[in-house]
Every structure is written in C-alpha cells, then in structure tokens.
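Descriptive structure summary
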Amino acid sequence: MTGRARGARRDRPVTGVGDNQGVTSPQTTTRDTAGGFRSGFACFIGRPNVGKSTLMNALVGTKVAITSSRPQTTRRAIRGIVHRPDAQLIVVDTPGLHKPRTLLGERLDSLVRSTLTEVDAIGFCVPADEKVGPGDRFIARELEGLKGTPVVAIVTKTDAADRREVAEQLMRVEQLGDFADIVPVSAVDGFQVGLVGDLLISHLPEGMPLYPEGDLTDEPEHVLVAELIREAALEGVRDELPHSIAVVVDEMQPREGRDDLVEVYAHLFVERPSQKAIVIGAKGSRLREVGTAARRQIEALLGVKIYLDLRISVAKDWQRDPKQLRRLGFDG
Ligand SMILES: Nc1nc2c(ncn2[C@@H]2O[C@H](COP(=O)(O)OP(=O)(O)OP(=O)(O)O)[C@@H](O)[C@H]2O)c(=O)[nH]1
C-alpha cells in the first residue's frame with residue numbers, strides 16, 4: 001500500500017458536470033411536489049451479462065455503472081438517478097444473480113436479495129439473443145416469493161435479435177411469471193429505454209424527490225473512479241482473471257496550486273503473482289494501456305485533467321478471505 005491517508009479522497013456525489021452527454025448541471029432542487037410527483041427505487045435483476053448496467057446507464061444518461069462482456073462485472077448495488085419533470089427514479093443495479101462459488105459470490109448474492117426487498121419496483125432482465133434457461137427460471141421463482149412488489153419483465157438487447165426472435169422471447173418470458181408489464185428494449189440503440197423508465201415510474205409511490213436535481217448517482221467519486229479503472233483492466237483479459245481483479249483508490253485530491261488537475265493514487269489487486277505478470281504485460285505495456293484508458297474515462301466523468309498513479313499488488317485469494325474482502329470494501 002502507499003500508506004496515503006484514505007481521508008484525502010474527494011467523496012462528493014457525481015453530478016452531470018463533466019460528462020458530455022447533455023445532462024443538466026447540478027442545482028439545488030426546489031420542485032413543488034404537488035400534482036402527483038412520484039419518487040422511489042427500482043432495481044434491475046437478471047443473470048450475469050444480460051445488460052442490466054448498460055440499461056441503467058442509458059436511463060440515467062451517463063455512465064454511472066461500468067459494463068463489460070465478462071459476466072459478473074457489477075459487484076456493488078450502484079444507484080443511478082433518473083430525473084423527470086414529474087418523477088425521480090432511483091435505479092439500483094445489482095450484481096447478476098447466480099450460484100455463488102466463493103465468499104465474494106455469497107456476499108453479492110445476499111446483496112441482491114436485500115435490495116429486492118427494499119425497492120418499489122423490479123425490472124427483471126432477460127436478453128433477446130439467448131435462450132431462456134434455468135438461470136432465468138431460478139430468478140423468476142425467487143421473484144414470485146416477493147409478493148406485492150411489481151415486476152416489469154424486460155427483454156434486453158433487441159438489436160441483437162431479429163423481430164421474430166424478439167416476439168418469441170417475449171412469449172417465453174411471459175410464461176416465466178406474473179408480470180406487471182413486459183417490454184422489449186435495446187440500451188445500445190436506445191429503443192424503448194424511455195418506456196422502461198415510464199413503466200417503472202408508474203409503480204413508484206407519490207413523494208418528494210429524494211436527491212437534488214442534477215445528481216446522477218450517490219456513489220462516492222472514489223468508488224466510481226475505482227470502477228472505471230477495473231473496467232479498463234477487464235478489457236482483453238480472459239478466463240478467471242476478471243473475477244480476481246479488484247481496485248481501491250487510496251487517495252484523490254487536486255494537485256497543490258491547480259484546480260484543473262486531480263491526482264489519483266490507486267491500487268489494482270490480483271490474487272496470484274502469475275496474474276500480476278499478465279496484467280503488467282511485457283515491459284509494463286498492458287498496465288500502461290489500462291492506465292491510459294482509465295484516465296480518459298475518469299477525465300470524461302469528472303471533467304478535469306487526471307494524473308493517475310496505478311500500482312499493482314497481490315492480495316492472495318482475496319475472494320475467499322473475509323479480512324481481505326473487508327479491506328477491499330465488500331463488507332459482510
Ligand atoms: N447488442 C447489445 N448488447 C448489449 C446491450 N446491452 C448490453 N449489452 C452488452 O452486454 C454485455 C453485458 O452488459 P452489462 O450491462 O455489463 O451486463 P450486466 O447484466 O450488468 O452484467 P453483470 O454486471 O455481469 O451482471 C456488454 O458487452 C454490453 O455491451 C444491448 O442493448 N444490445
């Protein structure tokens with residue numbers, strides 16, 4: 001570890017500032033909630049890799065959750081905030097539900113279950129381009145046990161299937177349970193993303209906005225930054241390695257005398273020395289690429305120039321070790 005004080009991290013919520021996707025800038029909310037303003041929580045649930053995080057990002061309008069083609073990219077319940085003139089929807093993106101094989105897996109599993117009991121509506125995601133399988137049926141059964149919470153079934157990735165396949169998938173999904181609505185969507189080409197928001201909002205209770213206008217997530221900046229580094233590190237690695245990567249930001253602060261440059265000191269952890277060699281690459285080339293890609297993403301998120309100091313360490317078998325899990329932020 002660098003020995004730097006963790007308290008130095010800037011822990012303010014991330015707002016529309018710095019992203020370049022036309023999201024409004026932050027301001028204190030002064031909304032009048034008369035006239036049926038709705039606010040509340042919804043979560044996306046589904047097997048790993050079905051497009052939950054991508055859909056959440058599309059709804060929020062900016063990247064608040066990292067995504068990758070590797071299953072189990074999401075490890076935290078990340079909240080994205082959707083602002084509408086008549087509603088505020090907080091979307092909780094959960095890790096994909098699957099049979100846990102490690103202590104980390106068990107922690108993720110119980111995180112999903114507790115999230116399910118706390119939300120006002122659930123979006124159950126099944127991809128259009130894969131067969132409905134035992135994993136989907138397992139989740140559908142779990143949802144049946146949650147009497148009272150409306151479930152919107154969402155057939156994701158419609159751009160990756162033809163119209164007939166999408167229609168057939170909608171019918172198969174309908175048979176999985178008793179859903180409030182069933183809706184096809186593509187987060188990649190934007191098809192019906194707004195409608196998914198409308199349907200989830202229709203199940204929220206009336207109430208005041210829960211977050212200031214302009215806030216896009218309640219994740220602290222240092223967590224989002226660590227996630228962007230992890231996303232960059234996942235690019236191009238295979239087999240078990242994605243599961244073994246964890247990232248912690250040790251320190252994050254403006255460089256002295258500069259308000260346009262933020263220094264980020266981060267550690268990337270792997271489980272074994274052999275994995276360390278893979279991530280570093282020949283003469284450090286891979287680690288440099290990861291650093292450059294992550295820096296660009298962090299700059300886009302925060303809207304300032306970033307100096308990134310990225311170190312790599314081995315935390316032996318951290319996925320199975322309660323002490324290490326705590327240190328990496330996965331509290332039991
Ligand atoms: N074609 C297509 N691909 C998509 C769409 N949405 C997501 N994907 C891809 O599917 C893969 C998984 O997406 P994620 O959003 O990370 O999936 P997830 O369900 O959050 O995954 P976990 O975090 O592992 O549970 C990525 O490669 C995405 O680019 C979509 O609408 N169309």
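For the structure, see preceding data.
Scoring rules and cut-offs
Residues numbered from 1 in each chain as written. Predicted model: local features only at pLDDT ≥ 70, side-chain atom pairs only at ≥ 80, totals over all residues. Axes fitted to C-alpha atoms, helices over the stretch in contact; angles between N-to-C directions. Helix = DSSP H or I, 4+ residues; strand = E, 2+ residues; numbered from the N terminus. Parallel < 35°, antiparallel > 145°, perpendicular 65-115°, else oblique. Contact = placed C-beta atoms within 7 Å. Nonpolar A, V, L, I, M, F, W, Y, C, P; charged D, E, K, R; others polar. Pairing = 2+ DSSP bridges. Buried ≥ 20, exposed ≤ 12 C-beta atoms within 10 Å, placed from the backbone. Left-handed = near helix turned anticlockwise from the far one by under 90°.

**Description of the packing of helix α1 (residues 52-60) against helix α5 (residues 193-202)**
- Where α1 contacts α5, the two axes come as close as 9 Å, and the packing angle between them is 90°. If you check the angle between α1 and α5, you find them roughly perpendicular. Across the interface between the two elements, Leu55, Ala58 and Leu59 of α1 pack against Val193, Val196 and Gly197 of α5.
- When its residues are assigned to classes, the contact of α1 with α5 shows 5 nonpolar, 1 polar and no charged.

**Things to note about the environment of arginine 137**
- Its place among the elements puts arginine 137 in helix α3 (residues 134-144).
- Distance in space between the C-alpha atoms of arginine 137 and isoleucine 201 is 26 Å, their sequence separation being 64 residues.

**Points about the sheet that holds strand β11 (residues 305-314)**
- If you trace the 3 strands from one edge of the open sheet to the other, you get β9-β10-β11, paired in mixed fashion. Sheet topology places β9 (246-254) and β11 at the edges, where each strand pairs with a single neighbour. Sheet twist, expressed as the average angle between the axes of neighbouring strands with direction ignored, equals 15°.
- Both β9 and strand β10 (residues 261-270) contribute to a ladder of 8 bridges, which runs antiparallel. Note that in β10 the partner of glutamine 253 across the bridge is glutamate 263.

**Remarks on the pairing of strand β4 (residues 87-93)**
- Of all 7 residues making up β4, 7 are buried, and the element is well covered by its neighbours.
- The two faces of β4 match: Ala87, Leu89, Val91 and Asp93 on one face and Gln88, Ile90 and Val92 on the other face are all buried.
- As paired elements, strand β2 (residues 38-46) and β4 share 7 bridges and run parallel to each other. Residue phenylalanine 44 lies in a different strand from β4, and its bridge partner there is aspartate 93.

**Some thoughts on the environment of glycine 207**
- Within the fold, glycine 207 resides in the loop between α5 and β8 (215-220).
- C-beta crowding within 10 Å serves as the criterion here: with 14 such atoms nearby, glycine 207 is assigned to the partly exposed category.
- Sequence separation between glycine 207 and valine 237 is 30 residues, and the spatial gap between their C-alpha atoms is 45 Å.
- Not counting residues within four places of it along the chain, the set of residues in contact with glycine 207 comprises Arg38, Ser39 and Gly40.

**A few points about the packing of helix α6 (residues 221-234) against helix α9 (residues 285-302)**
- At their nearest, the axes of α6 and α9 sit 8 Å apart, and the two run at 140° to each other. As for the relative orientation of α6 and α9, their crossing is right-handed in sense. Side by side, α6 and α9 meet where Leu224, Val225, Leu228, Ile229, Ala232 and Ala233 of the first sit next to Val290, Ala293, Ala294, Gln297, Ile298 and Leu301 of the second.
- In terms of residue class, the contact of α6 with α9 is made up of 11 nonpolar, 1 polar and no charged.

**Quick look at unusual backbone geometry**
- Although it is not a glycine, asparagine 49 adopts a positive phi angle of roughly 75°.
- Tracing the backbone through its elements, the reader meets asparagine 49 in the loop between β2 and α1.
- In this model, aspartate 317 sits at a positive phi of 45°, which is unusual for a non-glycine residue.
- With respect to the helices, strands and loops of the structure, aspartate 317 is situated in the loop between β11 and α10 (322-327).

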